[in-house]
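For reference, the chains in residue letters:
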Amino acid sequence: MVKQRTVPFFNYPHIFTSQEDGMISVIRDVGRRGAFIMQKDLSEFEGKLAEYVGVKHAIGTADGTMALLMSLMASGIGPGDEVIVPSHTFVASVAAIHHAGAMPVLADCGPDHLIDADLVEALVTSRTRAIMPVQLNGRTADMDTLLSIAERHNLVIVEDSCQALGSKFKGRCAGTFGISGAFSFFPSKTLGCFGDGGALVTNDNDVAAQVRLLRDHGRSPDGKVVCFGFNARLDNLHAAILNFKLKTYDQEIARRRELAAMYHSQLKDVSELMLPPPPNVDLVHYDIFQNYEIEAERRDELRSYLNKQGVGTILQWGGYTVHQFEKLCFDVVLPCTERMTRRFMLLPMNTALADEDVDYVCKKIIEFYIS
Ligand SMILES: Cc1ncc(COP(=O)(O)O)c(C=O)c1O
């Protein structure tokens, strides 16, 4: 009997095994120096990250969620303020707004699954202080429209670019459009470390100084506590691993874009599917394909068919967007998001995939719709 191919949704060991020797030397070097908290690997990584996205400051944080929370706090957003954020996001974006003491106002998404910028202005009230676009799946939202709304209403933009390191809009990197941007280095992210990790980027000297205090218990460099902060530093070992991986990061993106192009060319004629925009056809967006999120008719049947054929797929956020979690008590109707959540799913997208894996996934999808 011919062995069935398996294409898991994600391959966690590959993060380590694909560059095992390099990783081991990084770990050995950090361990032998006993360099665990706030050491040179962290400042080196912060410098390289700032240069990579093109900003003045990058500050390593415990994770992307804390980067978002501290971004909001350092921008002066708190009780009495409203922040507009899409419902199709990880709950962390909305939780950060909640924990800052502000009120999240959930927005609908457009056909590319990102915040529908044309609907945002209608949500602005006298209490609105900020917009938090979520640069989802490695694509950057329509920043021209969002920036002009922000300018008209004197709002700040705090970007959730946790899924979008290296993604660009008109040549400018995600994370650099607003007062600050947050990144996540969760292991399955395009640039992932060996646990939780994050960073905040900004051109604003005051925000940078405030976040440096907040992430380290409110301590200034002379050790004096000047405000109440958090223990929210990026571990030095993670920073060293990220430094190492950043060297080949552009290759990671190139491969993801290649895989996305393969999916697109093989699936574009399947009328039951809606695919993300392919790379290289749109001069405005440079997408990094953190995820390959499609919409599919008979989605649940397709997923179980693929599962039987050895192909792993997942639904972001377990299949619910934020306003659909009843216990969070959002009383809002978002028609595009709701239609999308009945149809969305993620196909495997990571650099452990061989070309033949993508061929196999596409073949099985086509087989499902013609049978
Ligand atoms: C869109 C989005 N926002 C925020 C986060 C939070 O990042 P972290 O898990 O590093 O706290 C994530 C991570 O999954 C994310 O995908």
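K.L.:
Any details on the site of the ligand? Residues and values, ideally.
P.N.:
G64, T65, D160, S184 and K189 are the nearest of the 14 residues found near the ligand. G64 is positioned such that a nitrogen or oxygen atom in its backbone is 2.8 Å from an oxygen atom of the ligand. At 2.7 Å, a side-chain N or O of S184 approaches an oxygen atom of the ligand. Here the ligand loses 92% of its free accessible area of 380 Å² to cover by the protein chains. Taken together, the elements giving at least two residues each to the shell around the ligand come down to α4 (64-74) and α5 (91-99). Considered class by class, the residues forming the shell around the ligand number four nonpolar, seven polar and three charged.

K.L.:
Let's hear about unusual backbone geometry: which residues, and what values?
P.N.:
We note that K170 has phi near 50°; this positive angle belongs to a residue other than glycine. Of note in the backbone geometry, W317 takes a positive phi value of approximately 55° without being a glycine. Structurally, W317 is set in the loop between α10 (299-308) and α11 (335-341). Accessibility expressed as a relative area gives 17% for W317, which makes it buried.

K.L.:
For helix α2 (residues 20-33), give the residues involved together with the corresponding values.
P.N.:
Compared with an ideal rise of 1.5 Å per residue, which puts 14 residues at 20 Å, α2 spans 20 Å between its outermost C-alpha atoms and is within 8% of the ideal. Inspection of α2 places M23, V26 and V30 among the buried residues, and these make up the whole buried set. Around the axis of α2, the buried residues are gathered within 60° of arc, so they sit on the same side. Of the exposed residues in α2, the ones pointing more than 90 degrees away from its buried face are D21 and R32. Downstream of α2 by one or two residues, G34 has phi in the positive range, about 60°.

K.L.:
Tell me about the side chain of S71, residues and numbers included.
P.N.:
Take S71: it is sitting in helix α4. For S71, the contacting residues outside a window of four places in its chain are V158, S180 and L200.

K.L.:
So what's going on with the sheet that holds strand β10 (residues 273-274)? Which residues, and what values?
P.N.:
The strand order β10-β12-β13 describes an open sheet built from three strands, whose pairing is antiparallel. Only two strands of the sheet have a single neighbouring strand rather than two, namely β10 and β13 (344-347). In this sheet, β13 lies alongside strand β12 (residues 292-296) in antiparallel orientation, the contact comprising four bridges. When the sheet's bridge partners are listed, E295 is paired in β13 with F344.

Analysis parameters
Residues numbered from 1 in each chain as written. Predicted model: local features only at pLDDT ≥ 70, side-chain atom pairs only at ≥ 80, totals over all residues. Heavy atoms only, no water. Near = heavy atom within 4 Å. Polar contact = N/O pair within 3.5 Å; in protein donor to acceptor, adjacent residues only side chain to side chain. Areas by Shrake-Rupley, 256 points an atom, 1.4 Å probe, with all protein chains shown as cover. Helix = DSSP H or I, 4+ residues; strand = E, 2+ residues; numbered from the N terminus. Nonpolar A, V, L, I, M, F, W, Y, C, P; charged D, E, K, R; others polar. Buried < 20%, exposed > 50% of the residue type's maximum accessible area, 1.4 Å probe, protein only. Expected span 1.5 Å × (residues − 1). Arc of directions from axis to C-beta. Contact = heavy atoms within 4.5 Å. Pairing = 2+ DSSP bridges.

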